[in-house]
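Residues per chain are reported as follows:
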There are 2 protein chains.
Amino acid sequence: MNEPLKTNELKLKDLGIDTYRENIIFLNFDSQVCQSEGLVALTRVFVEFGGMSITATLNVFHSKILRHDEAGLSMEAMKRLGAKEGDTINISHLKPIASLGKVRAKMFRKELSETDFHEIISDVVAGHYSNIELAAFISACSGDNLSLPEIIGLTKAMVETGQKIHWLRKMILDKHCVGGLPGNRTTPIVVSIVAAAGLVIPKTSSKAITSPAGTSDAMETMTTVDLDLEAIKAVVEKENGCMVWGGAVNLSPADDILISVEKALDVDSEGQMIASVLSKKAAAGATHVLIDIPVGPTAKVRSREEALRLQYYFKAVGDALGLHTEVIITDGLQPVGRGIGPALEAIDILSVLRNEPDAPDDLRSRSLKLAVALLELSGKYDAITGSQEARRILESGEALRKFMAICKAQGGFREPGLAPYHEDVVSDRDGVVKSVDNRKLARLAKMAGAPLAPSAGVRFYSPLGKNIRKGDLLFCVYAEAQGELEYAMEYLKTTSSILQIE
Amino acid sequence: MNEPLKTNELKLKDLGIDTYRENIIFLNFDSQVCQSEGLVALTRVFVEFGGMSITATLNVFHSKILRHDEAGLSMEAMKRLGAKEGDTINISHLKPIASLGKVRAKMFRKELSETDFHEIISDVVAGHYSNIELAAFISACSGDNLSLPEIIGLTKAMVETGQKIHWLRKMILDKHCVGGLPGNRTTPIVVSIVAAAGLVIPKTSSKAITSPAGTSDAMETMTTVDLDLEAIKAVVEKENGCMVWGGAVNLSPADDILISVEKALDVDSEGQMIASVLSKKAAAGATHVLIDIPVGPTAKVRSREEALRLQYYFKAVGDALGLHTEVIITDGLQPVGRGIGPALEAIDILSVLRNEPDAPDDLRSRSLKLAVALLELSGKYDAITGSQEARRILESGEALRKFMAICKAQGGFREPGLAPYHEDVVSDRDGVVKSVDNRKLARLAKMAGAPLAPSAGVRFYSPLGKNIRKGDLLFCVYAEAQGELEYAMEYLKTTSSILQIE
């Protein structure tokens with residue numbers, strides 16, 4: 001559809017420029033291609049190498065870094081093409097990308113069909129959209145701007161344009177938490193319990209989008225998470241479960257691309273969130289999916305009404321995809337556990353699995369609740385037998401053994417470490433903790449470096465209702481660089497109170 | 001508001017990278033700043049030099065182009081900071097840009113206040129928005145997503161964040177055409193007539209956004225258009241009028257930034273279009289503004305209903321800004337004149353001003369109609385005296401003398417040239433021209449290189465209703481490079497008919 005009209009050859013020079021996910025091509029202003037084709041900066045061009053092709057945005061060098069017969073590509077573009085220094089690439093004009101007409105239509109609030117979404121998402125996955133075009137698409141689909149049939153169309157398109165995992169077992173369980181609660185890292189505990197109960201739960205997780213840590217970020221501090229499909233199947237075959245990064249297998253690749261721009265915009269929208277979650281689940285081969293929606297004034301979902309609307313959408317879209325979807329609405333008033341940040345959350349997970357006496361109670365009970373819901377969803381347990389079994393598995397150490405076995409199968413277990421720089425934050429008054437601002441706590445952890453600095457973040461010691469005396473430790477900020485610690489502490493000074501103590 | 005928290009110094013190396021309007025900063029992966037601050041590609045950072053500051057997007061080099069203590073900036077970023085090779089720049093973390101919260105609110109269809117728009121547009125003008133963020137803002141404001149008070153708020157913000165021209169004269173006339181009609185280059189003729197009539201019309205125009213030529217592109221083939229404010233005032237003082245590029249003076253600078261992204265998205269939306277037009281007029285010091293809206297099935301405005309809605313918005317927003325605004329709805333069924341493309345349109349303009357016998361009649365009568373409307377709007381003429389005076393000025397050669405005098409005052413007149421490559425397109429049948437697709441003609445001219453290649457474009461010989469015989473010349477495509485000519489001809493082959501001949 002986007003076939004080149006004619007080609008021009010240039011020698012590739014490896015400039016080693018990381019532009020994150022965007023395809024950028026660099027040409028010198030006096031290159032034969034710029035001259036004969038009249039190309040200028042920001043033009044979109046078609047680049048081919050060895051049977052692969054991408055669309056890239058042109059940046060023009062006015063210096064001696066590139067010769068007239070050379071071209072540079074951003075690292076992402078080189079990876080996508082599988083090209084290296086010295087290779088000859090072909091550059092040509094691009095015919096207009098037809099699906100962008102659909103994006104413009106959506107900007108003008110037209111209803112898009114399943115076919116429209118398929119065309120858009122196919123072009124996105126093929127690397128034909130610039131970040132500007134992706135941002136326009138995301139913005140046009142934000143708010144309540146997608147109807148139910150549109151969300152279904154988008155979700156299906158995202159599933160169909162990536163790899164799908166096929167399992168030999170009939171029932172494949174999966175779970176997802178809508179997020180917004182710092183430290184809410186139940187997944188590794190839930191997967192360990194459910195897999196130990198003999199059910200199959202091949203869990204693929206994402207890395208953080210706008211939060212200080214995703215499940216994969218936390219797991220990555222303890223084991224390898226970027227397994228390929230074959231390796232994942234071997235782990236699940238052996239242990240009934242896994243806890244891997246979904247990005248390493250090509251499930252719903254559109255989601256990863258859209259998320260890179262959503263992250264830059266710091267925005268999540270309802271329709272896209274549902275499509276993102278369910279496309280990953282469907283592509284991962286799930287048959288039964290549990291969605292956990294924490295609700296609280298500073299969680300991602302702020303009201304019960306919003307949670308109920310999401311519940312409806314998740315079930316309706318799940319139905320359309322043939323997924324048995326259950327939604328559980330939970331309390332999202334405050335952080336779960338103590339750690340906020342990859343390694344700090346991993347430490348909490350281990351203390352629950354190890355049944356340590358000071359393990360965070362809230363993380364433990366939340367994990368049990370979700371494990372029970374999954375056991376029930378399987379149809380093999382009811383509320384009472386499920387609850388007994390989940391508790392027995394956790395308390396007996398079976399869950400810990402399963403967790404360690406899965407980590408071993410994924411490449412080996414390592415103990416997560418603490419960051420070298422930290423600073424305590426103490427209370428300036430006596431009182432009782434009346435409210436906790438989850439968003440500000442998450443932002444503080446991010447400013448300290450999480451999730452890119454895996455041991456950075458916040459350890460939180462002041463849950464709702466706790467009696468606090470002046471001088472008591474409220475929370476501790478961890479960072480891997482002095483600059484980041486200072487940056488986080490500076491943020492703390494300029495922001496209004498994260499905790500209300502009265 | 002976006003003050004840095006702490007700084008890091010790096011030596012600037014001039015990489016000479018043209019990224020169009022986006023501020024990009026290049027650091028090496030082992031630079032002290034990347035290391036100590038935990039910065040990764042696509043992070044937004046704060047860059048300072050000599051009291052100026054910008055926000056830039058980080059690209060990371062993994063090569064030997066930059067040393068660990070060096071930084072590169074895109075050409076636009078260097079220009080904005082006024083920095084050159086060897087200068088020491090400061091790089092620091094950015095506090096969150098507060099106005100982006102307003103953009104997200106708009107993505108979720110919240111109504112924004114005048115203050116909100118002022119905050120957003122101030123940050124846009126200060127260079128704090130990435131192209132991704134600009135695309136999200138533009139997309140969120142597209143369609144019918146802006147209310148009348150919002151359009152007024154956006155327009156005022158765009159006026160207030162740039163330079164304003166103050167004139168000593170009481171009445172300052174101005175005009176604008178909503179566009180979409182290829183070749184509709186009436187402005188230079190209208191300005192010449194109105195200025196010759198003794199009225200003041202300091203016309204600033206834009207370059208093409210999504211069209212093959214803007215008035216400034218056409219004028220630039222005949223004279224200098226990038227005059228500074230002082231030079232513009234001198235021209236207008238002497239000749240009552242000018243025809244300059246608005247981008248060279250700092251009128252509504254937000255508009256130029258937004259347009260660079262709108263261009264990449266190939267989108268114009270109603271509210272932004274009104275804000276764009278009227279902010280430029282208000283900043284240019286106009287008191288009386290004539291808006292020309294051509295209507296036709298393939299013009300920018302397709303229906304009379306849409307034109308009437310625009311008329312209402314233009315008048316209502318004009319009122320709020322204290323501008324006396326008149327709207328004239330004209331026929332937009334086909335191209336005006338023969339040329340489509342900067343130099344080809346300039347040739348048409350000159351033939352009308354020179355009263356040449358084969359001057360395009362439609363361009364001549366359209367220009368007269370608009371000149372009469374402006375004479376009337378001034379209150380110094382009625383429909384009859386205005387019409388007599390406009391015709392007398394054109395036919396007597398006064399308009400040509402005024403045009404030449406203005407060009408001389410702007411820096412001298414030169415005759416526009418024809419492109420070296422061209423190809424005729426002839427009819428494959430007998431018949432009558434039943435319809436003309438303006439959009440496809442405009443795209444054809446763009447594919448041939450217009451407006452960047454100034455003498456490229458299309459010369460059109462087949463107006464509606466013309467009797468055509470097989471083999472007759474329909475239009476001719478001009479290009480400055482063989483590659484571009486081939487590209488345009490290739491487009492022609494794959495597109496359905498531009499003309500209907502029956």
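To start, this report covers the structure provided alongside it. (Residues numbered from 1 in each chain as written. Chains lettered and ligands numbered in written order. Predicted model: local features only at pLDDT ≥ 70, side-chain atom pairs only at ≥ 80, totals over all residues. Heavy atoms only, no water.)

1. Description of the relation of the copies chain A and chain B
In plain terms, the rule: In superposing the copies, a least-squares fit is computed on C-alpha atoms, taking residues whose pLDDT is at least 70 in both. When checking whether two residues touch, look at their non-hydrogen atoms; a contact exists if any pair is within 4.5 Å.
When chain A is fitted to chain B, the best match, at an RMSD of 0.1 Å, comes from turning it 180° and sliding it 0.0 Å along the axis. Interpreted geometrically, this transformation is the action of a two-fold axis. Of the interface residues in chain A, 100% have counterparts in chain B that sit at the interface too, so the contact is made through matching surfaces.

2. Quick look at helix α3 (residues 99–107) of chain B
Defined as follows: Whether a residue is buried, partly exposed or exposed follows from its accessible area with a 1.4 Å probe, protein chains only, as a fraction of its type maximum: under 20%, in between, or over 50%, in that order. Under the scheme used here, helices are H or I runs from DSSP no shorter than 4 residues and strands are E runs no shorter than 2 residues, and both carry numbers assigned from the N terminus. Of all possible arcs, the one meant is that of the directions from the helix axis to the C-beta atoms.
Turning to α3 of chain B, its buried residues number three or more, namely Ser99, Leu100, Val103, Lys106 and Met107 of chain B. Each buried residue of α3 of chain B sits inside an arc of 110° when the element is viewed along its axis, so together they form one side.

3. Quick notes on the side chain of Thr187 of chain B
All names here are of chain B. Selection criterion: Side-chain atoms alone can form a polar contact between residues adjacent in sequence; in general such a contact is a pair of N or O atoms within 3.5 Å, and within protein one must be able to donate a hydrogen while the other accepts it.
Locating Thr187 in the fold gives a position in helix α7 (residues 187–196). Polar side-chain contacts of Thr187 include one of 2.8 Å to the side chain of Lys175. When near neighbours in sequence (up to four residues on either side) are disregarded, Thr187 contacts Lys175, Lys203, Ser205 and Thr215.

4. Describing the interface of chain A and chain B
The following threshold applies: When two parts are brought into contact, each loses some accessible area as probed by a 1.4 Å sphere; the total of that loss over both is the buried area. When a carboxyl oxygen of Asp or Glu is within 4 Å of a side-chain nitrogen of Lys or Arg, the pair counts as a salt bridge.
Counting residues at the interface gives 59 residues for chain A and 59 residues for chain B. Between chain A and chain B, the buried area comes to about 5000 Å², and carbon and sulfur atoms account for 64% of it. Ranking the residues of chain A by area buried against chain B places Arg109, Ile132 and Tyr487 of chain A at the top, with a combined share of 13%. Counting across the chain A and chain B interface gives zero salt bridges. Inspection of the chain A/chain B interface yields 17 residue pairs in polar contact (both at pLDDT 80 or more). Residue assignment for the side of chain A that touches chain B shows that the elements contributing at least two residues are β1 (8–18), α1 (32–37), β4 (52–61), α3 (99–107), α5 (131–140), α10 (253–265), α17 (438–447) and α18 (482–494) of chain A. Ranked by the residues each element gives to the side of chain A that touches chain B, the list is headed by α5 of chain A, at seven residues.

5. Focus: the sheet that holds strand β17 (residues 473–479) of chain A
Residue and element names in this part refer to chain A. So the rule is basically this: Should DSSP find at least two bridges between two strands, the strands are taken to pair.
Strand order in the open sheet formed by four strands is β12-β15-β17-β13, with antiparallel pairing between adjacent strands. One side of each edge strand has no neighbouring strand; the edge strands of this open sheet are β12 (339–340) and β13 (421–426). Pairing of strand β15 (residues 457–460) with β17 involves four bridges; the strand directions are antiparallel. Counted as the bridge partner of Val458 is Val477 from β17.

6. A few points about the environment of Glu502 of chain A
All names here are of chain A. Here Glu502 lies in the segment after β18 (499–501). Distance from Glu502 to Arg429, taken between C-alpha atoms, is 8.5 Å for residues 73 residues apart in sequence. Not counting residues up to four positions away in its chain, the partners in contact with Glu502 are Gly431, Val432 and Lys434. For Glu502, the side chain forms a polar contact with the side chain of Gln500, separated by 3.3 Å.

7. Some points on the environment of Thr186 of chain A
Residues and elements named next belong to chain A. Note on placement: Thr186 falls in the loop between β7 (173–177) and α7 (187–196). Taking the C-alpha atoms as reference points, Thr186 and Leu363, separated by 177 residues in sequence, lie 6.6 Å from one another. What Thr186 contacts, discounting residues up to four positions off in sequence, is Lys175, Leu363, Arg366, Ser367 and Leu370.

8. Digging into the pattern of salt bridges
Residues and elements named next belong to chain A. Counted under the stated rule, the structure contains 48 salt bridges over all chains. In this structure, Lys84 engages Asp87 in a salt bridge whose closest nitrogen and oxygen atoms are separated by 3.4 Å. The salt bridge partner of Arg392 is Glu389, with a shortest N-O separation of 3.1 Å. Of the two residues, Arg392 and Glu389 both sit in helix α15 (residues 383–395), three residues apart, roughly one turn of that helix. Put simply, Lys102, Asp116 and Glu119 are held in one network by salt bridges that share partners.

9. A look at the packing of aromatic side chains
All names here are of chain A. To keep things clear, this is the line we draw: Two aromatic rings, drawn from Phe, Tyr or Trp (for Trp, its six-membered ring), form a pair once their centres lie within 6.5 Å of each other, and the interplanar angle then sorts them: stacked below 30 degrees, edge-to-face above 60, tilted otherwise. Counted as over-ring charges are cases with an Arg CZ or a Lys NZ within 6 Å of the ring centre that also lie within 35 degrees of the ring normal.
In the structure shown here, the tally under the stated rule is four aromatic pairs over all chains. A ring pair is formed by Phe26 and Phe61, whose centres lie 5.5 Å apart and whose planes are at 45°; its orientation type is tilted. Placement of Phe26 in strand β2 (residues 24–28) and of Phe61 in strand β4 is noted, with a sequence separation of 35 residues between them. In terms of burial, Phe26 and Phe61 fall into one category: buried. Here Tyr312 and Tyr313 contribute two aromatic rings whose centre-to-centre distance is 5.3 Å and whose plane-to-plane angle is 50°, an arrangement assigned as tilted. Assessed through its relative accessible area of 47%, Tyr312 is described here as partly exposed. Owing to a relative accessible area of 16%, Tyr313 belongs among the buried residues under this scheme. We note Lys207 situated over the ring of Trp245; from NZ or CZ to the ring centre the distance is 4.1 Å.

10. Concerning the packing of helix α14 (residues 361–377) of chain A against α15 of chain A
Residue and element names in this part refer to chain A. As a reminder of what qualifies: Working convention: axes come from line fits to C-alpha atoms, limited for helices to the stretch in contact. Angles between N-to-C directions cover 0 to 180 degrees. Note on terminology: angles under 35 degrees are roughly parallel, angles over 145 are roughly antiparallel, angles of 65 to 115 are roughly perpendicular, and the others are oblique. Crossings are classed by handedness, with left-handed meaning an anticlockwise turn of the near helix from the far one by less than a right angle and right-handed meaning a clockwise turn. Ten residues, namely Ala, Val, Leu, Ile, Met, Phe, Trp, Tyr, Cys and Pro, are considered nonpolar, four, namely Asp, Glu, Lys and Arg, are considered charged, and the remaining ones, Gly among them, are considered polar.
One can describe the packing of α14 onto α15 by two numbers: an axis separation of 9 Å at closest approach and a directional angle of 130°. Regarding the angle of α14 to α15, the classification is oblique. Handedness of the α14/α15 crossing: right-handed. Every residue of α15 that contacts α14 at Arg364, Leu368, Ala371, Val372, Leu375 and Glu376 is listed here: Ala383, Gly386, Ser387, Glu389, Ala390, Arg391, Leu394 and Glu395. In terms of residue class, the contact of α14 with α15 is made up of seven nonpolar, two polar and five charged.

11. A few points about the nonpolar core
To keep things clear, this is the line we draw: The definition of a nonpolar core used throughout is a set of buried Ala, Val, Leu, Ile, Met, Phe, Trp, Tyr and Cys residues joined through side-chain atoms within 4.5 Å.
In this structure, Ile293 and Phe314 of chain A together with Ile293 and Phe314 of chain B are the most contacted members of the largest nonpolar core, which totals 106 residues. In contact with Ile293 of chain B, not counting residues within four places along its chain, are Val178, Val301, Ala307, Leu310, Gln311, Phe314, Val327, Ile328, Ile329 and Thr330 of chain B.

12. Observations concerning unusual backbone geometry
The residue after Ala450 of chain A, namely Pro451 of chain A, is reached through a cis peptide bond having omega 5°. Structurally, the position occupied by Pro451 of chain A is in the loop between α17 and β15. Although it is not a glycine, Ser252 of chain A adopts a positive phi angle of roughly 45°. Among the structural elements, Ser252 of chain A can be located in the loop between β9 (241–245) and α10. Backbone geometry places Asn240 of chain B, a non-glycine residue, at a positive phi of 70°. Here Asn240 of chain B lies in the loop between α9 (229–239) and β9 (241–245).

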